[in-house]
Amino acid sequence: MLESFIKSLAGVPWLELLITGTVKGSMYALIALGYTMVYGILQMINFANGEIFMIGMFATVFGIALLSSLWGSFAAINLILGVVFAVILASAYGYGSERIAYRRLRNAHILAPLTSAIGLSIVLQQFISNVVGNQPFTFPNYYSDPFAWRVVTLVQGNPATGAGDVGISMLQVCILTTACLLMTALFYMIHCTRVGIAMRAVSQDRLMASLVGIPVNHVIAFTFIVGSSLAAVAGTLFSMYTTTLTWSAGTASGLKAFTAAIIGGIGNIPGAVLGGLLIGIIEDFTIAILGAQWRNVILFAILMLTLILRPRGLLGERVADKV
Amino acid sequence: MSTPEATPAPAPASGPAPGRATAAPWWNAFVPFLVGLVAVLVITFPFIWLRFELQPSGEVYARWDVKGGVDFWQNMGPVCLIGLGIGLLAHAYNAWGLQRYTDQVWLPVKPWTQSLYAPLVAYAVIVAYGFSGHMGFALAPSPTTLNLGIQVGIYMILAMGLNIVIGYTGLLVLGYAGFIAIGAYTFAILQKPDFIPGLPWWAGIPIVFIVGGAVGWLIGLPCIRLRGDYLAIVTLGFAEGVRELAINLEVTGQTSGILLRNASKIGLAPDKPTILAWVLLLVIICAAAIYRIYHSPLGRAWIAIREDEVAAGAMGIPVVRMKLLSFALSSAFAGVGGLLIAAYTGFVSPDVANFNNSVTVLAMVILGGLGSLPGVLLGAGILYLLPELLRGYVDFEYRLMIFGALMIIMMIYRPQGLLGTSRHAIELKGG
Amino acid sequence: MLKLENVHAAYGPVEVLKGINLEINPGEIVALLGANGAGKSTTLLTSAGVVATTGGQIWWEGKPLLRPSPDVVLRQGICLCPEGRHIFPRLTVKENLLSGSYLLPKSRDAAKLDRIFDFFPVLKERLQQLGGTLSGGEQQMLAIGRSLMSEPRLLMLDEPSLGLAPQIVQRIFSIIQTINKEGTPILLVEQNAREALRIAHRGYVIVTGEIVLTDTASSLLNSDEVRRAYLGEDE
Amino acid sequence: MPKQLFLILTLLVGLTFAAGCSKSSDPSTIKIGLAGVQTGNDAMLGKSMVEGSAIALDEWNAKGGILGKKLEAISVDDEGNSEKAVNVANDLVAKGVVAVLGHFNSSCTIPTMRIYNESKILQITPGSTNTKITQEGIPTLFRVVGRDAQQAEVNVNYLFDTLGLRKLAVIHNSTSWGEGIAKEVADLWKKKGGEVVEFSGINEADRDFSANIATIKSKGAQALFGGLMYAQSGPLINKMRKDGLEIPFAGGDGSFDPALITAAGDYATNVFLTFGPDMESKPEARPFYEKYRARYGREPGPYAIYGYAAAQVLLTAMEKAASTDAAKVAEVMHKDTFQTAMGEIAFDEKGDLRKTYFVIWTVKDKKFVVLQQ
């Protein structure tokens, strides 16, 4: 058994897995940022963030469809405006969820907002599955196919087996660039702007922040909006990358993104990015080495190990509230 | 702010304070509600009234879907009204101080010997009714009724088990289905020819109780010291892991699950009234056991931890060990429930560990009353039976949505659940 | 400027303020004295919009004070520097200071910072240090500085001398006086009644949620009752 | 506690009774249960199957019913969940059905078939292909689709013999259907002397296949077999081609849906699926398709005709046996040959079709076409 395992290691396409893992991980990281920001500011898990990601997917296609019905198929403009539409709609959902399900429970026992968040996540997921339907949806090829061309070829393919070249596609480049830009912008916003100072102030001492004149409710709402926007962009990228949209995508990716946030150190923004990339890469290597059926088991094991060995996460600043 | 500083404050001798008399017309209270309604209508609009259509070219167009929109509101309208009604009732219940009166009715604790009389009488009546079909009684229960009774009984055991960890100790477990699956699979695997092919279901109960408890203990060990929400996530991941393990391992029959052989021999009993009698007996045994534990020093330790962990620790309660114990006990009861499911349906598949199952049991506990034994029984009954009653009236697709909405509404208006006590309410709201 | 009229407040069923009447005029330092649990801090918290009133009215410059949340109160010009300083521990000193001027024009920040560094030169040296690493006295200075960043028209200080060395207390009190001389009226709650009355113009004595005594600071300082109860002096 | 418990138990007993008796049924009709998944991912497949059966029952009713009685269809939704399936099966038994046409998912048919057997109810499944089902030896259980083994054989023969490929990668969706067919294919492939270079299961919720594709590519597979539903195989094909993996994709009946072509778009090349023959081109099936479209206003799913044919077989057998007794009807069904919309149907002693009709389909110009009869 060990022998066959080592044998299977030899044929692993390291390079390609590293690329796909990083691409997937950067999308997880975008979702994980939403979890980690809300956790940082409210010390609660916004379970519905995964569903916001899923709503972002559908909102993009709705936006594109609406625009192409209005003025025709202008691929670039429609796609960009579709993303904007998704960001706005997902932000509205994020803000609304904070308003309806969390604001009144801000000072309650930890069980209450958590339960409410799970309820909200179920409501959003079922809402989409009911109104949009269960049949699979495809991201319009008209918009995703133009991104399929290969920018760089890293390994020549093998014509005998029908396996083509290994390389980086335009879409992968776009995903990585977008993710990097958004993360840099977020980092800048948190550390170098007034809103960032206000957000950090609120996360450290909510009452005091209010006493020095920071409108706490607005800042918290803003955090939700930022987190939702990142999740919506991740949704667009993910649906373009995988060419499909499903109502259940939020739970699957959301759980992984959340694991990423914990592994990186929840409440810590660089940690979420690191965790996302790690999870993406580990997941892809597990698929190649052990088989796809084991990846969630492996991820769960990693989560448990992190909690045992380093509960505050890789980059966590402080002990994760051991009570 | 623009008034000169020196002006002395005009203190009106009588009448309402200025600025207040004009600013609060009667409809003021409805403004946020209406704004919220409009906002919800706007942001749900594209998903409800629009459909997108993919063209063969790969382009996508939108079209109005009037029928879909009307259908949605026909389904959701009543649901929204029910939700609103529950919210308003709960609000009124809290606002008018009705809580005090119900506490007087519900709170008194009597010696446990006395408290067994009524359940036993009820049990005798139900079981007699269940068997009345054998005696040719005209109004005898149909197999459907008996089936529902059995399933409700199983879910009552599950909900009581989950209540130990959520209601008593105040820890959230999201992957309860994982523990149910452990129980179900343990029993099913023991049935296999290589193990104990003739194992009767009642002999399996202590085994799954111990196995379930041990697994709970092991899972709880690393994460029970952490904040409550970590536990929630870990258990969620655990359930997913169990599902995948069940899919992948040879011993669990992989995706096709395990079909228990000779169901009538090892299954619960040959006929439904007998099964009902056994399951309800188990419900009573479990309820009595949990009731006794709750009113023992152990139960008081749990409550102390729920109310204030630091203080409980300072008073010498071994917090971590107590939490682990409650977690392990809860998963042990989940194991018993899993065994019953396996023995009754005669089939175990990875579906048992589905997240939906966890949510259903969680919703039962939250609706019925966190920490309230009768409340949890009621919650299990209502949430299992209502969908069956509504079958044919409300689409299944809206059921989970109602569960989710119920969880939000309950948390906002009545976090202690239908029959929970106000002590819990203070803890949840003000803690 | 600020006038509390028969203000009641309660924490749950426990009534803490039972009809407080209090007034602050422009340019004054007013000291609020009382034993532990008498309701001094609650009076400030009520005025700052943290605690809701259950009765009475608070007037600010002739109008009812809007108090839905503390930040709204602050925007009307009343700033509370609460007991225990509450520095944001993981923000730098500069960020702590800047957090005080959220929503105010950025252009005035530099001038305000300079003014605060005039008062507290030590803060300038610590500008990039995390707030949580400062000493108690520096934290108190930072807290007062942060309050000044919001350009208050009334500053409420809750126990600024708590747990500080006498030397630093002296400095802080003198700076409070300077701030007052530059035009900001101050409402001061102090355990250290003697020091407080020394710099104050007027004083109120509060006992179990009610004002029992009000007079100028000098006469309070000389009043037997106050000496006995709050200054710890026997006759 | 006692007072509360008593109140609650009373309430619950009342509720249970109400739920159990909510729908009383008319004793003068012959009741047929139509069971299938009507919610969730496979909703459309199960729904059209049930609708197909319903059309057949209505036709018979229009002709005056059977054995002098009207037929009554009781349609239930098992939600694709085995536990719920047991519930609805009990429900059907309680309502006194004489036969059940269903269920769709193999994971629902397996736990329920015993319930029907114990209650002497005839069962015909129009959609469950798992090989295990007919191995239980239940004499009153039939199916009008082929077994996974038969399907796998057609698939393997095509890839191995016709295309001459030797290295196969297999991927499935971790359901009893997907894993079942994937295992059959892998076993057959090995038996023929081929090499299975990769065998892995993914989750039904998974949509990102890039790592799987990279693995398959690195192992030098010459063809990929997917035990997947169309919701996953479409995106998989799309991604494969974009990532430069041009090997043939083969799949089973679950992938056979126009949605696969929509998802794969221009990349739907080299796709080979096994499914029943082109029903619509058959003259005996055409009236059914017209009727379905007229009645429901949409395209029938691939299993609609199976539901219809199952009902035809059942009702014909009942007429011949002049009884609704499961044992008698089953006897007729085992012996006779039936003319249905799908053509001639005859069952072997296990209840499987004597002759199956799996053929290879491929995609040409964004349409499914039969490649090999």
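The structure displayed is predicted, hence computed values, not measured ones.

Let's shift gears to the overall build of chain D. In terms of regular secondary structure, chain D is built from 12 helices and 14 strands. For 373 residues, the compact-globule estimate of 2.2 N^0.38 gives 21 Å, and chain D sits close to it at 22 Å. Each principal axis of the C-alpha distribution contributes one length, and for chain D these read about 65 × 60 × 40 Å. Sequence separation of 24 or more characterises 68% of the internal contacts of chain D that already satisfy a separation of 6 or more. Within the structure as shown, chain D displays about 12400 Å² of accessible surface, and the carbon and sulfur contribution to it stands at 52%.

Before going further, it helps to spend a moment on the domain arrangement of chain B. Residues and elements named next belong to chain B. Domain assignment breaks chain B into domain 1 (31–69) and domain 2 (70–429). Across the boundary between the two partners, domain 1 contributes eight residues, which contact five residues of domain 2. For the pair domain 1 and domain 2, the two sides together bury roughly 570 Å², of which 62% comes from carbon and sulfur. Scanning the region where domain 1 abuts domain 2 turns up zero salt bridges. At the boundary of domain 1 and domain 2, one finds four residue pairs in polar contact (both at pLDDT 80 or more). For the side of domain 1 that touches domain 2, the class distribution of residues is five nonpolar, two polar and one charged.

Attention shifts here to a nonpolar patch on the surface. All names here are of chain A. On the surface, a nonpolar cluster with roughly 800 Å² of combined accessible area is contributed by L70, W71, F74, I77, I80, L81, V84 and I88. Listing elements by their share of the nonpolar patch, those giving two or more residues are helix 3 (49–71) and helix 4 (75–102). It is helix 4 that provides the largest number of residues to the nonpolar patch, a total of five residues. Looking at the element boundaries, W71 is found in helix 3. Judged by relative accessible area, W71 falls into the partly exposed class, the value being 41%.

All names here are of chain C. Here eight bridges tie strand 1 (residues 2–11) to strand 2 (residues 14–24), and the two strands are oriented antiparallel to one another. Paired with A10 across the strands is E15, a residue of strand 2. Joining the antiparallel neighbours strand 1 and strand 2 is a turn of two residues, in which G12 adopts a positive phi near 60 degrees.

Residue and element names in this part refer to chain A. Inspection of the secondary structure puts A272 in helix 12 (residues 269–289). Remark: the alpha-carbon pair of A272 and L114, spanning 158 residues in sequence, is separated by 20 Å. Discounting residues that sit within four places of it in the chain, A272 has contacts with A29, A32, L33 and T36.

Contacts between the two partners involve 65 residues from chain B and, on the opposite side, 68 residues from chain A. Between chain B and chain A the total buried area reaches about 6100 Å² when both faces are included, carbon and sulfur atoms providing 75% of it. Taken together, chain B and chain A are joined by zero salt bridges. For the side of chain B that touches chain A, the element with the highest residue contribution is helix 9 (residues 228–248) of chain B, accounting for 14 residues. Grouping the amino acids of the side of chain B that touches chain A by side-chain chemistry returns 42 nonpolar, 11 polar and 12 charged.

To continue, consider the side chain of N96 of chain C. Residue and element names in this part refer to chain C. With respect to the secondary-structure elements, N96 resides in helix 3 (residues 93–99). Taking relative accessible area as the criterion, N96 reaches 0% and is therefore assigned buried. Reaching out from N96, the side chain makes a polar contact with the backbone oxygen of F88 at a distance of 3.1 Å. In this view, N96 contacts I87, F88, L91, G131, L142 and R146; residues no more than four positions away in its chain are not counted.

What follows concerns the packing of helix 2 (residues 14–42) of chain A against helix 7 (residues 170–192) of chain A. Residues and elements named next belong to chain A. As a packed pair, helix 2 and helix 7 sit with axes 10 Å apart at the nearest point and diverge in direction by 30 degrees. With respect to their mutual orientation, helix 2 and helix 7 come out roughly parallel. When you trace helix 2 past helix 7, the crossing you get is left-handed. Listed contacts from helix 7 to I19, T20, T22, V23, S26, M27, A29, L30, L33 and M37 of helix 2 are Q172, I175, L176, A179, L182, M183 and L186. Of the residues assigned to the contact of helix 2 with helix 7, the class counts are 13 nonpolar, four polar and no charged.

Core analysis: the biggest nonpolar cluster contains 311 residues, and F58 of chain A together with F47 of chain B have the highest contact counts within it. By residue number, the principal contributor to this core is helix 6 (residues 143–168) of chain B, which donates 16 residues. Each of two domains, domain 1 (31–69) and domain 2 (70–429) of chain B, supplies a minimum of three residues to this core. Ignoring any residue separated from it by four or fewer positions in sequence, one finds F47 of chain B in contact with I55, F58, A59, F62, L89, Y93, F127, I128, V131 and V132 of chain A.

What follows deals with the environment of V202 of chain A. Residue and element names in this part refer to chain A. Locating V202 in the fold gives a position in helix 8 (residues 194–204). The sequence separation of V202 and A232 amounts to 30 residues, and the corresponding C-alpha distance is 24 Å. Discounting chain neighbours no more than four positions away, the residues touching V202 are I41, A209, I214, V216, V219 and I220.

All names here are of chain D. Under the domain assignment used here, chain D contains domain 1 (29–146 + 281–346) and domain 2 (149–277 + 359–372). Taking the mean C-alpha position of each, domain 1 and domain 2 sit 29 Å from one another. Facing 13 residues of domain 1, the contacting portion of domain 2 comprises 14 residues. Between domain 1 and domain 2 lies a buried interface of about 1100 Å² when both sides are counted; carbon and sulfur atoms form 48% of it. Where domain 1 packs against domain 2, one counts zero salt bridges. Scanning the region where domain 1 abuts domain 2 turns up one residue pair in polar contact (both at pLDDT 80 or more). Residue classes in the side of domain 1 that touches domain 2 are distributed as four nonpolar, seven polar and two charged.

Before going further, it helps to spend a moment on the sheet that holds strand 2 of chain C. Residue and element names in this part refer to chain C. Taken in spatial order, the four strands of this open sheet run 2-1-4-5, and their pairing is antiparallel. This sheet does not close on itself; its edge strands, each paired only once, are strand 2 and strand 5 (63–64). Sheet analysis places strand 1 next to strand 4 (residues 53–60), joined by six bridges and oriented antiparallel. Counted as the bridge partner of L4 is I58 from strand 4. Sheet strands touched by helix 1 (residues 40–47): strand 1, strand 2 and strand 4. Its angle to strand 1, the strand with the most contacts, is close to 110 degrees.

As a further point, take the sheet that holds strand 3 (residues 99–101) of chain D. Residue and element names in this part refer to chain D. Strand order in the open sheet formed by five strands is 2-1-3-4-5, with parallel pairing between adjacent strands. Both edges of this open sheet fall to strand 2 (70–77) and strand 5 (141–143), since each of them pairs with a single strand only. The sheet shows a mean angle of 20 degrees between the axes of neighbouring strands, taken without regard to direction. In this structure, strand 4 (residues 122–125) lies alongside strand 5, joined through three bridges in parallel fashion. Considered in strand 5, the bridge of Q123 is made with L141. Most of the contacts of helix 11 (residues 304–321) go to strand 3, to which it runs at about 160 degrees, and overall it touches strand 1 (29–36), strand 2, strand 3 and strand 4.

The subject of this paragraph is the packing of aromatic side chains. Taken as a whole and judged by the stated rule, the model has 36 aromatic pairs over all chains. Considering the side-chain rings of Y292 of chain D and Y296 of chain D, the 4.9 Å spacing of their centres and the 45 degrees angle between planes classify their relative orientation as tilted. Taken together, the positions of Y292 of chain D and Y296 of chain D, both in helix 10 (residues 286–296) and four residues apart, correspond to about one turn of that helix. On the basis of relative accessible area, Y292 of chain D is assigned to the buried category, the value being 0%. Grouped by ring-pair contacts, the aromatic residues F58, F62, Y93, F127 and F137 of chain A together with F47, F52, F72 and W73 of chain B constitute a single cluster.

Time to look at the confidence of the model for chain D. Counting all residues, the mean pLDDT for chain D is 82, and 92% of those residues have values of 70 or more. Here the predicted complex scores 0.85 on pTM and 0.82 on ipTM.

All names here are of chain B. By secondary structure assignment, the location of S331 is in helix 14 (residues 319–345). Classification of S331 as buried rests on a relative accessible area of 1%. A sequence separation of 173 residues divides S331 from L158, and the C-alpha atoms of the two residues are 9.1 Å apart. Setting aside residues up to four positions removed in sequence, S331 forms contacts with F179, G212, G213 and G216.

Take the pattern of salt bridges next. Within the structure shown, the criterion is met by 35 salt bridges over all chains. The salt bridge partner of E95 of chain C is R200 of chain A, with a shortest N-O separation of 2.7 Å. Of this pair, E95 of chain C sits in helix 3 while R200 of chain A sits in helix 8, on two different chains. Judged by relative accessible area, which is 12%, E95 of chain C ranks as buried. Shared partners join several salt bridges into a network, and the residues in it are K24, K256, E283, D284 and R295 of chain A together with D206 and D208 of chain D.

Conventions adopted
Residues numbered from 1 in each chain as written. Chains lettered and ligands numbered in written order. Predicted model: local features only at pLDDT ≥ 70, side-chain atom pairs only at ≥ 80, totals over all residues. Heavy atoms only, no water. Helix = DSSP H or I, 4+ residues; strand = E, 2+ residues; numbered from the N terminus. Rg over C-alpha atoms; globule rule 2.2 N^0.38 Å. Contact = heavy atoms within 4.5 Å. Areas by Shrake-Rupley, 256 points an atom, 1.4 Å probe, with all protein chains shown as cover. Domains from an automatic or database assignment. Buried area = accessible area lost by both parts, 1.4 Å probe. Salt bridge = Lys/Arg side-chain N within 4 Å of Asp/Glu carboxyl O. Polar contact = N/O pair within 3.5 Å; in protein donor to acceptor, adjacent residues only side chain to side chain. Nonpolar A, V, L, I, M, F, W, Y, C, P; charged D, E, K, R; others polar. Patch = residues over 30% accessible without salt bridge, like charges linked within 9 Å, V, L, I, M, F, W, Y side chains within 5 Å. Buried < 20%, exposed > 50% of the residue type's maximum accessible area, 1.4 Å probe, protein only. Pairing = 2+ DSSP bridges. Axes fitted to C-alpha atoms, helices over the stretch in contact; angles between N-to-C directions. Parallel < 35°, antiparallel > 145°, perpendicular 65-115°, else oblique. Left-handed = near helix turned anticlockwise from the far one by under 90°. Core = buried A, V, L, I, M, F, W, Y, C linked by side-chain atoms within 4.5 Å. Phe/Tyr/Trp six-rings, centres within 6.5 Å; stacked < 30°, edge-to-face > 60°. pLDDT = per-residue confidence, 0-100.

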